[in-house]
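# Understanding the architecture of this molecule
Take a look at the letters that make up each chain.
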Number of protein chains: 4
Amino acid sequence: MSEFSTIGLITKPEDARLSDTVHSLVSYLKSKSLDILVDQGAAILLQDPDLVGQTRQDMARHCDLIIVVGGDGTLLHAARSLVSSQIPMLGVNRGRLGFLVDVSPDDIAAVLDKILSGQYKEEFRFLLHAEVVRDGVVIAESEAFNDVVVHVRDVVRMIELDTYVDGRYLNTQRADGLIVATPTGSTAYALSGGGPILHPSLNAIVLVPVCPHTLTNRPIVVDAESRIEIKVCERNNPPARVSFDGQANVKLLPKDCIKIRRQSHLLRLIQPVNHDYFEILRAKLRWSEQL
Amino acid sequence: MSEFSTIGLITKPEDARLSDTVHSLVSYLKSKSLDILVDQGAAILLQDPDLVGQTRQDMARHCDLIIVVGGDGTLLHAARSLVSSQIPMLGVNRGRLGFLVDVSPDDIAAVLDKILSGQYKEEFRFLLHAEVVRDGVVIAESEAFNDVVVHVRDVVRMIELDTYVDGRYLNTQRADGLIVATPTGSTAYALSGGGPILHPSLNAIVLVPVCPHTLTNRPIVVDAESRIEIKVCERNNPPARVSFDGQANVKLLPKDCIKIRRQSHLLRLIQPVNHDYFEILRAKLRWSEQL
Amino acid sequence: MSEFSTIGLITKPEDARLSDTVHSLVSYLKSKSLDILVDQGAAILLQDPDLVGQTRQDMARHCDLIIVVGGDGTLLHAARSLVSSQIPMLGVNRGRLGFLVDVSPDDIAAVLDKILSGQYKEEFRFLLHAEVVRDGVVIAESEAFNDVVVHVRDVVRMIELDTYVDGRYLNTQRADGLIVATPTGSTAYALSGGGPILHPSLNAIVLVPVCPHTLTNRPIVVDAESRIEIKVCERNNPPARVSFDGQANVKLLPKDCIKIRRQSHLLRLIQPVNHDYFEILRAKLRWSEQL
Amino acid sequence: MSEFSTIGLITKPEDARLSDTVHSLVSYLKSKSLDILVDQGAAILLQDPDLVGQTRQDMARHCDLIIVVGGDGTLLHAARSLVSSQIPMLGVNRGRLGFLVDVSPDDIAAVLDKILSGQYKEEFRFLLHAEVVRDGVVIAESEAFNDVVVHVRDVVRMIELDTYVDGRYLNTQRADGLIVATPTGSTAYALSGGGPILHPSLNAIVLVPVCPHTLTNRPIVVDAESRIEIKVCERNNPPARVSFDGQANVKLLPKDCIKIRRQSHLLRLIQPVNHDYFEILRAKLRWSEQL
């Protein structure tokens with residue numbers, strides 16, 4: 001008897017290429033007599049009268065395991081909404097290898113056989129929680145699994161940002177923006193900005209400036225327990241915005257402050273026992289590939 | 001008798017801090033019995049009934065030397081509009097050292113004494129000419145002294161660009177953008193993007209990607225005679241724009257092509273004989289500064 | 001009554017510029033009626049018949065606090081030999097600011113007044129322990145406070161290194177070398193190699209390749225509990241060496257393996273309460289300095 | 001009747017894998033009734049009594065075209081010794097694609113048919129000429145096709161170098177070394193040091209520091225007509241050396257000066273008409289490869 005008896009399926013509704021994988025998954029789960037809950041996206045793909053689309057809240061209440069079918073982005077989205085429920089998640093990729101969704105659709109039955117029998121690795125990942133504060137009032141807040149990014153909007157000018165770590169002044173940057181990334185996000189936008197790779201097991205956050213107009217910059221890695229505050233300077237700053245995992249842009253005004261801290265709940269990521277992060281780094285980023 | 005008998009003055013109208021410098025300059029030039037033409041910006045600061053603001057065209061027709069008072073940006077602007085006139089330009093900085101405007105207001109009389117007596121260096125700088133082509137029609141064109149920048153607009157997604165050099169496929173980039181910079185521009189936005197410094201005497205252009213999502217990137221320097229074409233890929237590209245020296249944004253659509261070549265005319269930059277580019281690099285960028 | 005009643009003094013014997021500082025320190029400590037032990041270096045500078053140079057072992061046995069006068073290198077050296085004794089250390093810099101020795105000689109009395117009265121911060125730093133294994137035998141071992149560096153020797157050729165983390169294959173590098181650095185070392189040689197800054201509170205290690213001949217590289221930060229193994233490949237490798245904090249070079253042969261793990265003891269670094277790591281970063285590296 | 005009637009063959013003697021290619025080449029050239037001269041390396045592989053190994057000088061005197069079989073290193077070596085003879089060179093690679101030797105052995109007959117009938121591209125590459133001056137006396141000199149590299153020897157300490165360009169002070173570097181590279185060398189060691197790619201048509205030189213201990217560095221590209229001088233500082237510098245294309249190390253003393261200028265002769269590189277530098281960049285370096 002598996003510890004996972006009710007399985008949730010989450011996917012991106014508009015992507016028809018996922019349909020085969022989702023149907024196979026349901027057949028497999030039914031063959032194992034497991035209870036299945038599907039989100040709206042999976043319900044649309046399945047068109048199965050027995051499987052009505054559920055809200056995330058209902059899935060959170062009843063599932064023992066959530067299987068996300070899609071790309072890293074789909075899992076990022078699910079993770080932000082489900083992290084506080086503490087339900088383990090498993091990512092099945094859509095053909096292209098992902099950092100978070102590295103189970104291939106072809107292997108899904110074999111992999112699930114093992115996972116349901118208790119042979120799996122559980123990896124804990126943290127998310128960031130960010131608040132946008134204006135005149136002392138929180139005007140927006142969000143979770144971020146990859147990164148919180150403050151960025152100039154639509155004009156070719158630099159913004160000026162003061163950053164504080166645990167209340168202590170860190171620096172002032174004139175740049176296109178600033179990325180605050182988790183280890184999970186260190187292979188996403190922070191990589192494009194020139195940041196280091198952080199192993200997912202690290203309880204650390206990296207701050208990577210985007211196109212700073214200075215030679216004297218270098219990313220800094222700080223403890224994930226740090227409270228980070230980014231203040232938009234008053235001096236003639238062009239329009240800026242903040243985004244969370246590339247979503248939910250909030251327009252910023254001078255003097256706005258973005259307060260970032262670790263989300264208290266950890267995401268539980270289920271992985272096959274032979275999961276190898278370094279192999280994914282090499283395969284997906286061609287990291288360290290020899291010429 | 002100086003080769004420069006009619007001197008033009010160009011400045012930024014709204015910057016009152018320039019007023020003293022412009023007044024001193026006019027006094028100096030009058031004391032030398034030189035003819036003076038001023039642009040609208042200088043006329044506003046001077047409020048001198050004898051000095052009516054002239055159009056750039058009139059200045060181009062009559063002046064032997066243009067003195068630009070302000071920052072690098074003011075000189076960039078003047079250069080774009082006057083490059084084809086071939087009139088030499090001299091930059092007087094407003095207090096903060098610039099790469100192009102490195103004559104200090106305090107030194108202006110001594111420097112001009114020498115320049116008017118023929119003791120000066122003349123440096124030639126090239127500009128870029130860019131055309132934006134949509135469905136075979138040129139929808140916009142501009143000169144650029146620093147750079148032509150294609151950049152994503154206002155969203156946290158990457159654009160995909162195909163670049164060709166002299167009709168030959170160079171590469172495809174998924175990035176926030178792409179900078180095509182002159183040597184003059186190599187210390188501006190291209191520097192923020194991680195590009196090398198190009199000595200102003202080089203007839204070369206550097207292509208610097210902005211936040212490419214790949215590890216395998218590196219700026220490339222090509223001959224300034226190259227014809228460069230940047231094509232916005234059709235695949236679901238987010239809104240993009242192109243800017244010229246950070247000005248005159250043009251919104252781009254998929255399949256738009258930006259064609260870049262060297263402007264045929266060279267800008268003639270007049271400098272004191274002791275002008276030292278490397279010293280400006282060290283002083284302004286703190287380049288190679290020892291710890 | 002201070003918790004620190006026996007104070008040890010360590011310094012570099014050959015540096016006469018330290019003499020004033022060491023004399024002042026002894027006068028201060030005598031005025032407080034504290035017991036003083038000095039190492040050979042300090043004894044030579046002091047020429048005080050009451051203060052005979054002690055071995056590190058004796059100092060470790062009797063001191064409650066060690067004051068190191070000199071530069072970061074002097075403290076690195078003392079830390080390697082005294083880390084297992086767990087005695088707190090305080091660094092007094094010789095005029096030039098250090099990352100580890102940031103108490104100025106001018107402030108020493110005021111700073112010590114506070115520290116002796118219990119007003120101080122205690123920071124824990126970890127060291128690395130490295131073993132060089134040849135044919136199954138440990139041929140050398142050392143502590144490193146900054147870094148363990150494998151590097152090619154004296155020829156312009158690349159070495160090839162296979163790296164494993166916790167027994168798992170990480171990558172193969174063809175490069176001039178490989179730096180394995182602590183957070184303390186992240187502002188030393190690892191910085192020159194392009195690595196990120198790691199806050200000293202992190203329990204993390206960064207691996208930074210030196211001049212890798214590939215575009216696909218990027219430093220990686222891993223947990224400090226990781227066991228790291230670097231194997232010199234058999235394929236025609238040029239002569240290589242390994243060094244520890246830039247000291248104690250060991251010549252390497254193909255198939256040699258360097259095994260690196262965290263030293264079990266933590267160094268206890270005593271700092272004034274107003275110690276500010278970010279300020280030292282900005283002051284010493286000019287990190288994030290605006291143009 | 002081809003303009004190339006006497007063909008020289010140069011190869012690395014010790015590499016038996018080249019034997020087939022060299023034999024095929026000779027058969028092909030004999031079938032075209034062309035005169036053949038071989039160097040010692042090719043003679044050893046061929047063991048043909050009609051083809052006695054010639055000196056480089058004799059080959060330079062009689063050949064119309066030199067075919068180099070091997071890797072980029074073999075062509076670098078031949079280029080340094082033959083550049084002043086102005087004989088065109090063609091590189092045949094040994095299986096692994098090279099930047100300079102990009103004709104595949106399998107294509108050699110078809111490619112040579114075209115080249116001998118006049119269908120080819122001729123590319124001109126410049127070399128550097130370097131002199132090591134001690135106390136006013138030239139103690140060593142060499143050509144370099146890729147780069148002149150000043151580097152610390154065998155110890156983990158930095159050297160300090162003052163660089164001058166056309167007699168003007170450029171900067172002082174504390175680093176592991178300094179690379180002065182041609183466009184040809186920009187994809188070799190200079191790439192490992194973080195330098196930009198320079199298109200081979202550029203008449204430019206790039207200066208790339210090796211592991212500078214400062215944040216404020218950035219490679220600089222200067223005109224190839226510049227005279228570059230690198231002075232080893234007097235201040236306690238560790239042992240250093242200078243190498244030319246990774247060959248011919250010369251040990252340096254404090255106050256030694258390395259004077260670098262463009263070699264007056266250009267190397268004539270013969271290429272198939274469909275030769276595509278950008279394709280080689282992408283294929284060999286995986287430059288700009290998409291994830």
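Keep in mind that this is a model prediction, so the values were computed, not measured.

## Notes on the overall build of chain A
Tallying secondary structure elements over chain A gives 7 helices and 18 strands in all. Taken over the C-alpha trace, chain A has a radius of gyration of 20 Å; the compact-globule value for 291 residues is 19 Å, and the two agree within 12%. Projecting the C-alpha coordinates of chain A onto the three principal axes gives extents of approximately 65 × 50 × 30 Å. The burial tally for chain A puts 61% of its 291 residues in the buried class. Split by element, the accessible area of chain A, about 11000 Å² in all, is 47% carbon and sulfur.

## Some remarks on the interface of chain C and chain A
Reports often express the size of an interface as the amount of accessible area lost when the parts come together. Contacts between the two partners involve 41 residues from chain C, matched on the other side by 41 residues from chain A. Here chain C meets chain A over a buried area of about 3500 Å², counting both sides, of which 55% is carbon and sulfur. If you look at where chain C meets chain A, you find 2 salt bridges. Among the ionic pairs, R168(C) bridges to D276(A), the shortest N-O distance being 3.3 Å. Taken together, the links from chain C to chain A amount to 24 residue pairs in polar contact (both at pLDDT 80 or more). Secondary structure elements with two or more residues in the side of chain C that touches chain A: β10 (168-175), β12 (197-198), β14 (220-223) and α7 (277-285) of chain C. When residues of the side of chain C that touches chain A are assigned to their parent elements, the largest contribution, 7 residues, is made by β10(C). Across the side of chain C that touches chain A, the residue classes break down as 17 nonpolar, 15 polar and 9 charged. Note: strand β14 (residues 220-223) of chain A against β12(C), 2 bridges, orientation parallel. When the bridges of β12(C) are listed, I220(A) appears paired with I197(C).

## Observations regarding the relation of the copies chain C and chain A
The two copies are related by a screw motion: chain C maps onto chain A through a turn of 180 degrees and a shift of 0.0 Å along the axis, at an RMSD of 0.0 Å. Look at the turn and shift together and you get a two-fold axis relating the two. Distance from the rotation axis, computed per C-alpha, reaches its smallest value in chain C at P196(C): 3.3 Å.

## Some points on the relation of the copies chain D and chain A
For the pair of chain copies, the relating operation is a rotation around an axis with a shift along it. Least-squares fitting of chain D to chain A yields an RMSD of 0.0 Å, with the superposition described by an axial translation of 0.0 Å and a rotation of 180 degrees. Looking at the interface residues of chain D, 100% of them are also at the interface in chain A, so both copies use one shared face.

## Examining the pattern of salt bridges
All names here are of chain C. Applying the stated criterion across every chain, the model contains 52 salt bridges over all chains. Its salt-bridge partner being R80, residue D245 comes within 2.6 Å of it at the nearest N-O pair. Of this pair, D245 sits in the loop between β16 (240-244) and β17 (247-252) while R80 sits in helix α4 (residues 72-82), and the two are 165 residues apart along the sequence.

## Side note on the domain arrangement of chain A
Residues and elements named next belong to chain A. Examined at the domain level, chain A breaks down into domain 1 (6-120 + 272-285) and domain 2 (127-263). Relative placement of domain 1 and domain 2: their C-alpha centres are 30 Å apart. Listed as interface residues are 11 residues of domain 1 and, on the opposing side, 16 residues of domain 2. A buried area of about 1100 Å², summed over both sides, lies between domain 1 and domain 2, and 77% of it is on carbon and sulfur atoms. When the buried area of domain 1 at its contact with domain 2 is split by residue, L76, R80 and Y277 rank highest and sum to 51% of it. One can count 1 salt bridge joining domain 1 with domain 2. Seen at the junction of domain 1 and domain 2, the total is 1 residue pair in polar contact (both at pLDDT 80 or more). Going through the elements one at a time, α4 (72-82) and α7 (277-285) are the ones with two or more residues in the side of domain 1 that touches domain 2. Among the residues forming the side of domain 1 that touches domain 2, the class breakdown is 10 nonpolar, no polar and 1 charged.

## Details of the interface of chain D and chain A
Across the boundary between the two partners, chain D contributes 10 residues, which contact 10 residues of chain A. Buried area between chain D and chain A, summed over both chains or domains, comes out near 920 Å², and the portion from carbon and sulfur atoms is 57%. At the surface where chain D touches chain A, the tally comes to 0 salt bridges. Counting across the interface, chain D meets chain A through 0 residue pairs in polar contact (both at pLDDT 80 or more). A per-class count over the side of chain D that touches chain A returns 3 nonpolar, 2 polar and 5 charged.

## Re the sheet that holds strand β13 (residues 204-210) of chain A
Sheet architecture is open: 7 strands sit in the order β17(A)-β16(A)-β8(A)-β11(A)-β13(A)-β14(A)-β12(C), paired in mixed fashion. The two strands at the open ends of the sheet, each matched to only one other strand, are β17 (247-252) of chain A together with β12 of chain C. Here strand β16 (residues 240-244) of chain A runs beside β17(A); their pairing, made up of 4 bridges, is antiparallel. The partner of R241(A) across the bridge, within β17(A), is K251(A).

## Considerations on the side chain of R262(C)
Residues and elements named next belong to chain C. Relative to the elements of secondary structure, R262 occurs in strand β18 (residues 257-271). Within the structure, R262 has its side chain in polar contact with the side chain of N203 (distance 2.8 Å). Here the side chain of R262 touches E225 through a polar contact of 3.4 Å, side chain to side chain.

## Topic: the sheet that holds β17(C)
The 7 strands lie next to each other as β12(A)-β14(C)-β13(C)-β11(C)-β8(C)-β16(C)-β17(C), forming an open sheet whose pairing is mixed. Edge positions in the sheet fall to β12 (197-198) of chain A together with β17 of chain C, since each has one partner strand and no second. Of the pairings in the sheet, the one linking strand β8 (residues 147-152) of chain C to β16(C) comprises 5 bridges and is antiparallel in character. Residue V150(C) lies in a different strand from β16(C), and its bridge partner there is V242(C).

## Looking at helix α1 (residues 19-31) of chain C
All names here are of chain C. Compared with the 18 Å implied by 1.5 Å per residue over 13 residues, the 18 Å span of α1 between its first and last C-alpha is a close match. Listing the buried residues of α1 in full gives S19, T21, V22, L25, V26, Y28 and L29. Next to the buried residues of α1 lie β1 (6-11), β2 (35-39), α2 (40-46), β4 (65-70), β5 (89-93) and α5 (108-116). Where α1 terminates, the next one or two residues include S33, which has phi positive at roughly 60 degrees.

## Some details on the environment of L90(C)
All names here are of chain C. Summarising the element assignment, L90 is placed in strand β5. Residue classification places L90 among the buried positions, given a relative accessible area of 0%. Along the sequence, L90 and L75 sit 15 residues apart, while their C-alpha atoms lie 8.7 Å from each other. With residues up to four places along the chain from it excluded, the contact list for L90 reads L65, I66, I67, V68, L75, V103, L112, I115 and I270.

## A few points about the pairing of strand β5 (residues 89-93) of chain D
All names here are of chain D. Burial of β5 is extensive: 5 of the 5 residues sit out of reach of the surface. In β5, alternate side chains face the same way, and those of M89, G91 and N93 on one face and L90 and V92 on the other are all buried. Here 5 bridges tie strand β4 (residues 65-70) to β5, and the two strands are oriented parallel to one another. In the sheet register, I67 faces β5, and the bridge partner there is L90. Crossover β4 to β5 through helix α4 (residues 72-82) is right-handed.

## Let's talk about the nonpolar core
Of all hydrophobic cores here, the largest spans 52 residues; its most connected members are I179(A), I179(B), I179(C) and I179(D). Setting aside residues no more than four positions away along its own chain, I179(D) makes contact with D147(D), V148(D), V149(D), Y189(D), A190(D), V206(D), L207(D), V208(D) and V210(D).

## Quick notes on the pairing of strand β2 (residues 35-39) of chain A
Residues and elements named next belong to chain A. Most of β2 sits inside the fold, with 4 of its 5 residues counted as buried. Judged from the 4 bridges that link them, strand β1 (residues 6-11) and β2 form a sheet pairing that is parallel. If you follow T6 over to β2, its bridge partner there is D35. Taking the sense of rotation as the criterion, the β-α-β connection linking β1, helix α1 (residues 19-31) and β2 turns out right-handed. In the sheet, β2 pairs with strand β3 (residues 53-54) via 2 bridges, with the strands oriented parallel. By the bridge assignment for β3, D39 is matched with Q54. Taken together, β2, helix α2 (residues 40-46) and β3 form a β-α-β motif whose crossover is right-handed.

## Here's the deal with the packing of aromatic side chains
Here the distance between the centres and the angle between the planes together describe a pair of aromatic rings. Residues and elements named next belong to chain B. Within the structure shown, the criterion is met by 13 aromatic pairs over all chains. Arranged with centres 5.6 Å apart and planes meeting at 45 degrees, the rings of F4 and Y120 form a pair that is tilted. You can see F4 sitting in the segment before β1 (6-11) and its partner Y120 sitting in the loop between α5 (108-116) and β6 (121-134), a full 116 residues away along the chain. No difference in accessibility class separates F4 from Y120, as the two residues are buried.

Each value, and the rule that gives it
- Residues numbered from 1 in each chain as written.
- Chains lettered and ligands numbered in written order.
- Predicted model: local features only at pLDDT ≥ 70, side-chain atom pairs only at ≥ 80, totals over all residues.
- Heavy atoms only, no water.
- Helix = DSSP H or I, 4+ residues; strand = E, 2+ residues; numbered from the N terminus.
- Rg over C-alpha atoms; globule rule 2.2 N^0.38 Å.
- Buried < 20%, exposed > 50% of the residue type's maximum accessible area, 1.4 Å probe, protein only.
- Areas by Shrake-Rupley, 256 points an atom, 1.4 Å probe, with all protein chains shown as cover.
- Contact = heavy atoms within 4.5 Å.
- Buried area = accessible area lost by both parts, 1.4 Å probe.
- Salt bridge = Lys/Arg side-chain N within 4 Å of Asp/Glu carboxyl O.
- Polar contact = N/O pair within 3.5 Å; in protein donor to acceptor, adjacent residues only side chain to side chain.
- Nonpolar A, V, L, I, M, F, W, Y, C, P; charged D, E, K, R; others polar.
- Pairing = 2+ DSSP bridges.
- Least-squares fit on C-alpha atoms with pLDDT ≥ 70 in both.
- Domains from an automatic or database assignment.
- Expected span 1.5 Å × (residues − 1).
- Right-handed = clockwise from strand over helix to strand, strands pointing away.
- Core = buried A, V, L, I, M, F, W, Y, C linked by side-chain atoms within 4.5 Å.
- Phe/Tyr/Trp six-rings, centres within 6.5 Å; stacked < 30°, edge-to-face > 60°.

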